[in-house]
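Results of the structural survey
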Amino acid sequence: MEWWAYAIMAACLLVGVLVGYLVRKHIAESKIGKAEETVKRLYEEAEKKAEEIQKEKLLEAKEETIRIRSEADKEIRDRRAEVQRTERRLFQREESLDKKLETVEAREQAMNKRLAEIDRIEDEINEMHRQTAAELERVSGMTAEEAKAILIESVEQDARHDAAVLLRDIEQKTKEEAEKRARNIVSLAIQRCAADQVAEATVSVVALPNDEMKGRIIGREGRNIRALETATGVDLIIDDTPEAVILSSFDPVRREIARISLEKLIMDGRIHPARIEEMVEKAKKEVDTQIREAGEAAVLEVGVHGIHHELVRYLGRMRYRTSYGQNVLRHSIEVAHLAGIMAAELGANVTLAKRAGLLHDIGKSIDHEVEGSHVQIGADLAKKYRENAQVIHCIMAHHGDVEATSIEAVLVQAADAISAARPGARRETLETYIKRLEKLEEIANSYDGVDSSYAIQAGREIRIIVKPEKISDTDTVLVAREIAKRIENELEYPGQIKVNVIRETRTTDYAK
């Protein structure tokens, strides 16, 4: 292709581009003009709407201002009215108080006048009383003090009589109301508590196969018996009693060790100091095992838990301790059962009652080693091994050393008395028994108006016959109570003693 053709094509292309540019510029300018007109129109419409909205908001604000002002005015009027009503009420109340004050002042003046009149009348009465007393002294020939003494004596006699009658009535009513319930609870507890009627006694006599064994026990120059007494701390009494050796010691555990050792030596046949020491050691271990097993068995039988193991050992030691012939460990178990049953019937703490009943005589396990009463020793042991404070109180109160402050303490007292007082539970020496009978009759006969007295039923009852001309029916109540109090304070005895005062008047005549 020629060069001029290329030039023509380039010129045409250039003319086309120029024409296209001019056309597009015209179209764009026309669109911009339309857009500017649209924007202007929209702006004008927006200004109009803004002016309308502004007018509406101003109108609403004015209306809200008017409403708030109206409500505020109304509230102010209401409060002003309330203040006015309150002022009127206060004014009325003030007027009322003024009137009452005037009335009170008037009454006070009247009262002062009456008090003055009363003082004047009282002075006149005192003067009249003085004159009357002087006249009475002159007429009767007695001073006021003498007349007062006679009057007091008369009033005292009447008061004693009334007190005796009232006491008898109260006791009768109390017995009628409480006896049936108490009898049911105690009888139920006794029935449900299975216990031996006669407890085992500590063995203190060892039987021998023959009298020749006595010489072997004594040994050459008494070396065997000395070794046995030294090792056990028990006195051996070898006398004319046929085929028997008596063991004597205040410590029941040592006595049991000596008994077991001696029986083993007799069975073995080899009796010499070295063998004696060996047998005593074996017996100690055996007794220690028996003590531990007895304590654990007692705790298991009663059903209490958490007792310190040392207290359990002290319980086991009571297996070899007796009181008036009654085994102390069996007695403690029985008291625990009785106290628990009665606590269940009364809705008290059964566990606490059983625990206190089992431990109440724990002091008897070492009362031969430690000074003091078994009550104090037992309380000290319980404190030492961190026993419950209520249990310690029950131990302290079971013999009345301190006043019982809980129902469980009272139940332990009752269970202890029931266990000790039932027939066959305890026995006494003849000497103690006779002394108690004599002391009972001595206390009864010391009262003025007692004719005679008789201690009966093994010292569990005393019958007192009084002189009917000196003691009335109502006075017998006071006499019985006073004698019972003296017996409680001056005597020591198991169970309880019944005081029976008898008054009888007999009139005899003959027809001739």
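Above: the structure in question.
Residues numbered from 1 in each chain as written. Predicted model: local features only at pLDDT ≥ 70, side-chain atom pairs only at ≥ 80, totals over all residues. Heavy atoms only, no water.

1. So, the sheet that holds strand S2 (residues 235–237)
Note: strands within a sheet are paired through backbone hydrogen bonds, in either parallel or antiparallel orientation. On the basis of which strands lie adjacent, the open sheet formed by three strands has the order S1-S3-S2 and antiparallel pairing. Strand pairing shows two members of the sheet lacking a second neighbour, strand S1 (205–207) and S2, which therefore form its edges. Pairs of neighbouring strands in the sheet enclose a mean axial angle of 30°, with direction left out of account. (Pairing = 2+ DSSP bridges. Helix = DSSP H or I, 4+ residues; strand = E, 2+ residues; numbered from the N terminus. Axes fitted to C-alpha atoms, helices over the stretch in contact; angles between N-to-C directions.)

2. Remarks on the pattern of salt bridges
This structure, assessed with the given rule, holds 27 salt bridges. In this structure, the salt-bridge partner of Lys57 is Glu60, at a minimum N-O distance of 3.9 Å. Here the residue Lys57 and the residue Glu60 both occupy positions in helix H1 (residues 3–140), the gap between them amounting to three residues, near one helical turn. In this structure Lys57 comes out as exposed when scored by relative accessible area, which is 52%. With a relative accessible area of 45%, Glu60 lands in the partly exposed category. Each of Glu64, Arg67 and Glu71 takes part in one network of salt bridges that share partners. (Salt bridge = Lys/Arg side-chain N within 4 Å of Asp/Glu carboxyl O. Buried < 20%, exposed > 50% of the residue type's maximum accessible area, 1.4 Å probe, protein only.)

3. Comments concerning the nonpolar core
With 45 residues, the main nonpolar core has Leu358, Ile362 and Leu381 as its most contacted residues. Of all the secondary structure elements, the ones that give two or more residues to this core are helix H6 (273–302), helix H7 (309–317), helix H8 (328–346), helix H9 (350–359), helix H10 (374–384), helix H11 (389–397) and helix H12 (407–421). With nine residues, H8 is the single largest residue contributor to this core. Ignoring anything within four residues of it in the chain, the contact list for Ile362 reads Leu311, Tyr314, Leu315, Met318, Gly378 and Leu381. By size, the runner-up hydrophobic cluster in this structure holds 26 residues, among which are Ala227, Val245, Ile271 and Val280. (Core = buried A, V, L, I, M, F, W, Y, C linked by side-chain atoms within 4.5 Å. Contact = heavy atoms within 4.5 Å.)

4. What to know about the packing of aromatic side chains
Aromatic rings considered in pairs are described by the distance between their centres and by the relative angle of their planes. Throughout the structure, instances matching the rule amount to one aromatic pair. Taking the centre distance of 6.4 Å and the plane angle of 50° together, the rings of Tyr314 and Tyr385 count as tilted. Pair noted here: Tyr314 is in helix H7 and Tyr385 is in the loop between H10 and H11, with a separation of 71 residues, a long-range link. With relative accessibility at 16%, the residue Tyr314 sits in the buried group. The class of Tyr385 is buried, set by a relative accessible area of 14%. (Phe/Tyr/Trp six-rings, centres within 6.5 Å; stacked < 30°, edge-to-face > 60°.)

5. Looking at the environment of Asn445
Residue position: Asn445 is located in helix H13 (residues 430–445). Assessed through its relative accessible area of 42%, Asn445 is described here as partly exposed. Ignoring anything within four residues of it in the chain, the contact list for Asn445 reads Val450, Ser452 and Ser453. A polar contact of 2.9 Å, which involves the side chain of Asn445, links it to the side chain of Ser453. (Polar contact = N/O pair within 3.5 Å; in protein donor to acceptor, adjacent residues only side chain to side chain.)

6. Details of H11
For H11, the buried fraction is high: seven of the nine residues fall into the buried class. By the burial criterion, the buried members of H11 are Val391, Ile392, His393, Cys394, Ile395, Met396 and Ala397. Here H11 starts with a cap whose side-chain oxygen sits 2.8 Å from the backbone nitrogen of Gln390, and that cap is Asn388.

7. A few points about the sheet that holds strand S7 (residues 461–466)
Read across the sheet, three strands follow the order S6-S7-S8 without closing on themselves; strand pairing throughout is mixed. Of all strands in the sheet, those bounded by a partner on one side alone are strand S6 (450–456) and strand S8 (498–503). Across the sheet, the mean angle from the axis of one strand to that of its neighbour is 20°, orientation sign disregarded. Examined bridge by bridge, S6 and S7 share six bridges and lie antiparallel to one another. Along S7, the bridge assignment pairs Ser453 with Ile464.

8. Comments concerning the packing of helix H5 (residues 252–268) against H6
The geometry of H5 relative to H6 is characterised by a closest axis approach of 8 Å and an angle of 130° between their N-to-C directions. Looking at the two axes, H5 sits oblique to H6. The handedness of the crossing between H5 and H6 is right-handed. Along the contact surface, H5 presents Val253, Glu256, Ile257, Ile260, Ser261, Lys264, Leu265 and Asp268, while H6 presents Arg275, Ile276, Met279, Val280, Ala283, Lys284, Glu286, Val287, Gln290 and Ile291. (Parallel < 35°, antiparallel > 145°, perpendicular 65-115°, else oblique. Left-handed = near helix turned anticlockwise from the far one by under 90°.)

9. A word on unusual backbone geometry
Here Glu221, not a glycine, exhibits a phi torsion of approximately 55°, which is positive. Structurally, Glu221 can be placed in the loop between helix H3 (212–218) and helix H4 (223–232). You will see that Arg386, though not glycine, has its phi angle at about 55°, which is positive. As for its position among the elements, Arg386 is in the loop between H10 and H11.

10. Remarks on the side chain of Ser453
Position of Ser453 relative to the elements: it lies in strand S6. You can call Ser453 buried: its relative accessible area is 7%. Those residues within four positions of Ser453 in sequence are excluded, and the remaining contacts are Glu441, Ala444, Asn445, Ile462, Arg463 and Ile464.

11. Some thoughts on the packing of H9 against H11
Axis separation between H9 and H11 bottoms out at 9 Å; the angle between their running directions is 50°. Taken together, H9 and H11 sit at an angle that is classed as oblique. Regarding H9 and H11, the two cross each other, and that crossing is right-handed. Along its contact with H9, which presents Leu352, Arg355, Ala356 and Leu359, the element H11 presents Gln390, Val391, Cys394 and Ile395. Class assignment for the residues of the contact of H9 with H11 results in six nonpolar, one polar and one charged. (Nonpolar A, V, L, I, M, F, W, Y, C, P; charged D, E, K, R; others polar.)

12. Regarding a negative patch on the surface
A cluster of like negative charges, contributed by Glu94, Glu95, Asp98, Glu102, Glu105 and Glu108, occupies part of the molecular surface. Along the polypeptide, Glu102 turns up in helix H1. Since its relative accessible area comes to 53%, Glu102 is described here as exposed. (Patch = residues over 30% accessible without salt bridge, like charges linked within 9 Å, V, L, I, M, F, W, Y side chains within 5 Å. Areas by Shrake-Rupley, 256 points an atom, 1.4 Å probe, with all protein chains shown as cover. Lys, Arg positive; Asp, Glu negative; His and termini not counted. Charge placed at Lys NZ, Arg CZ, Asp CG, Glu CD.)

13. Quick notes on the pairing of S7
The sheet contact formed by S7 and S8 spans six bridges and is parallel. Along S8, the bridge assignment pairs Ile464 with Val501.

14. Brief notes about helix H14 (residues 473–490)
Taking 1.5 Å of rise per residue, 18 residues should cover 26 Å, and H14 covers 26 Å from first to last C-alpha, within 8% of that figure. Within H14, burial applies to Thr474, Thr476, Val477, Leu478, Val479, Ala480, Ile483 and Ile487. (Expected span 1.5 Å × (residues − 1).)

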